[in-house]
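Residue-level structure breakdown
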Amino acid sequence: MKARVHVMLKEGVLDPQGEAVRHALGAMGFDGVEGVRQGKVIELDLADGTSETTVREMCEKLLANTVIESYRIELG
């Protein structure tokens, strides 16, 4: 079984990497990009029967800094 965890900075948390990407896109002539938020995707290969609760525990303890990041889990 696979799980995909999407981790993003919470709204209101400054995103210097996203701002650098926005600036670079503008410098390359891509007008109209008003904001960029950069995150990460973590793919997990899990044993059959691993619960979403277990994946949530992984996120809370290691995969996401829940003080400044939010996450979303996709199982499938």
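What comes next is a walk through the structure.

Conventions used here
Residues numbered from 1 in each chain as written. Predicted model: local features only at pLDDT ≥ 70, side-chain atom pairs only at ≥ 80, totals over all residues. Heavy atoms only, no water. Helix = DSSP H or I, 4+ residues; strand = E, 2+ residues; numbered from the N terminus. Polar contact = N/O pair within 3.5 Å; in protein donor to acceptor, adjacent residues only side chain to side chain. Contact = heavy atoms within 4.5 Å. Core = buried A, V, L, I, M, F, W, Y, C linked by side-chain atoms within 4.5 Å. Buried < 20%, exposed > 50% of the residue type's maximum accessible area, 1.4 Å probe, protein only. Pairing = 2+ DSSP bridges. Axes fitted to C-alpha atoms, helices over the stretch in contact; angles between N-to-C directions.

**Concerning the side chain of His6**
Here His6 is to be found in strand 1 (residues 2–9). Separated by 3.0 Å, the side chains of His6 and Glu74 make a polar contact. Setting aside anything within four residues of it in sequence, one finds His6 in contact with Lys40, Val41, Ser70, Tyr71, Arg72 and Glu74.

**Considering the nonpolar core**
If you look at the biggest cluster of nonpolar residues, it comprises 12 residues: Ala3, Val5, Val7, Ile42, Leu44, Leu46, Val55, Cys59, Leu63, Ala64, Tyr71 and Ile73. Val5 has contacts with Lys40, Val41, Ile42, Leu44, Val55, Cys59, Leu63, Tyr71, Arg72 and Ile73, leaving out every residue within four places of it along the chain.

**Some thoughts on the sheet that holds strand 1**
Sheet architecture is open: three strands sit in the order 2-1-3, paired in antiparallel fashion. Of all the strands in the sheet, just strand 2 (39–45) and strand 3 (69–75) have a single pairing partner and so form its edges. In this sheet, adjacent strand axes meet at a mean angle of 20° when their direction is disregarded. Pairing between strand 1 and strand 2: seven bridges, direction antiparallel. Its bridge partner lying in strand 2, Val7 is registered against Lys40. Lying over the sheet, helix 2 (residues 52–63) contacts strand 1, strand 2 and strand 3, oriented at roughly 150° with respect to strand 3.

Interpretation note: all reported values are geometric properties and have no functional meaning in isolation.
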